[in-house]
Every structure is written in C-alpha cells, then in structure tokens.
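Notes for the structure review
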Amino acid sequence: ITSNFYDYYGISKSDIQKYINVSNSSSNNASDINVCYRVYTNSWMTEVINSNDYAGTEKSAIRGLAIKVNKGNLKYRVHVNGGGWLGWITDYNINNWNTGCAGVRTRDIDAIQIDYNGGQDYKVRYRVSTIDSNNYLNWISGFNTVDSMDYAGIFGKPIDKVQIEIIKK
C-alpha cells in the first residue's frame, strides 16, 4: 500500500490522461463533436478519435487518409509528393479510393487540407509531422476559402503522423 500512487509507479497524471478520454488541450474542445480518422501506410491503421492520440507511425509515409465527424460536414484533400492536390473528399470509406478516402496507395502524402462546416461556433484544427522531423508542425485552424493556402505539411516532405480535433472558435 502506498500513499502516493503516481510516485510508486513512476508516472504522472499527464501520463494517465494520454490513455483515457481526457484532453489536455484547451477548454475550447467541442466535446460533443468527435472527429474520427485513420491513415494508410502499407495498410489501413486503427481509427483515432480527436487529438488524444495520432494516426500514423513515426518514419512511415502516409499514403491515404479517411476522416469523418459525428456532427456537421467535413471535406478534406491531400497533396501528393511530387504531384499536386487531389480532389476533395466528403465520404469515409477505406475500401473506395476514388471517393471514400484521400490519397493514392503508391504515392506519399506531403500536405493535407480540411474544411469543417458544423456551425459558426466550431472549427477544425489539425497538424502533421514529417518523416524527417521528430516534431509536429504548427496547428492549422479552420479553412480560409478565399486563400486556400491553409494546409498542414511541407511540399516535398512526406508526412508520417496526423492529429485532428474540432474546437470552439
């Protein structure tokens, strides 16, 4: 028996929060709106909900992305390394590479764009990590339809991890 559980096991409260449905991000979280997403590297990986975890594997290029929300509407697209932007996707079907997910099985993704329309009070926030970096790039908040340069990634540098959340504005 111990009087300090955290010291006894050599962990902190933040270590525990990573594995339960408690977010350390701001109080702006829209807890009633969930975004679910998964990525394809050499196969489809496990679905991730919100930003409590990330989708992807360090140092393994992402080639496909599928995203859905439980409230509102979302569209997304990817930029392929050495190519250009692929078309917008509004569906979530990992078995349909034409209209159900974004990407190409044989091409690395180097940037993503996401546009969420779920009411005036909420926006999407997302970020990626590139294969050659151990750090995430800056969060991208929302989508500016006038200037479509809002995207996460660096052209020419494949991404390996993605985090997405819906937050209050």
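In this report, the structure presented in the accompanying data block is examined.

What counts as what
Residues numbered from 1 in each chain as written. Predicted model: local features only at pLDDT ≥ 70, side-chain atom pairs only at ≥ 80, totals over all residues. Heavy atoms only, no water. Pairing = 2+ DSSP bridges. Helix = DSSP H or I, 4+ residues; strand = E, 2+ residues; numbered from the N terminus. Salt bridge = Lys/Arg side-chain N within 4 Å of Asp/Glu carboxyl O. Buried < 20%, exposed > 50% of the residue type's maximum accessible area, 1.4 Å probe, protein only. Phe/Tyr/Trp six-rings, centres within 6.5 Å; stacked < 30°, edge-to-face > 60°. Lys NZ or Arg CZ within 6 Å of the ring centre and 35° of its normal.

Section: the sheet that holds strand β1 (residues 35-40)
In spatial order, the strands read β2-β1-β4-β6; together these four strands make up an open sheet with antiparallel pairing. With partners counted over all chains shown, the strands left at the sheet margins are β2 (48-49) and β6 (102-103), one partner each. In the sheet, strand β4 (residues 64-69) pairs with β6 via two bridges, with the strands oriented antiparallel. Its bridge partner lying in β6, L65 is registered against A102.

Description of the sheet that holds strand β5 (residues 73-80)
Reading across the sheet, the three strands line up as β5-β7-β10 and stay open at both edges, with antiparallel pairing between neighbours. Lying at the two open borders of the sheet, with one neighbouring strand each, are β5 and β10 (152-153). Relative to β10, strand β7 (residues 109-117) runs antiparallel, the two being bridged by two bridges. Across the sheet, residue A111 finds its bridge partner in β10, namely G153.

Considering the pattern of salt bridges
Tallied over the entire structure, the rule returns six salt bridges. Note that K71 and D32 form a salt bridge whose closest N and O atoms lie 3.6 Å from each other. Here D32 lies in the loop between α2 (13-17) and β1 and K71 lies in the loop between β4 and β5, a separation of 39 residues in the sequence. K68 is the salt-bridge partner of E47, the closest N and O atoms lying 4.0 Å from each other. Note that E47 is positioned in the loop between β1 and β2 and K68 in strand β4, a separation of 21 residues in sequence. E47 gets classed as partly exposed once you look at its relative accessible area, which sits at 32%. According to the relative accessible area criterion, K68 is partly exposed, its value standing at 36%.

Structural notes on the packing of aromatic side chains
If you walk through the whole model with that rule in mind, you get six aromatic pairs. Residues W85 and Y151 carry aromatic rings whose centres are separated by 5.8 Å and whose planes lie at 70° to one another, so their mutual orientation is edge-to-face. Highlighted residues: W85 in the loop between β5 and β6 and Y151 in the loop between β9 (140-141) and β10, separated in sequence by 66 residues. On the basis of relative accessibility, which here comes to 19%, the residue Y151 falls in the buried class. A connected cluster of aromatic rings, assembled from ring pairs, spans Y40, W44 and W97. Taking NZ or CZ as reference, K68 lies 4.5 Å from the ring centre of Y92, over its face. The lysine or arginine in question, K75, covers the ring of W88, its NZ or CZ lying 4.6 Å from the ring centre.

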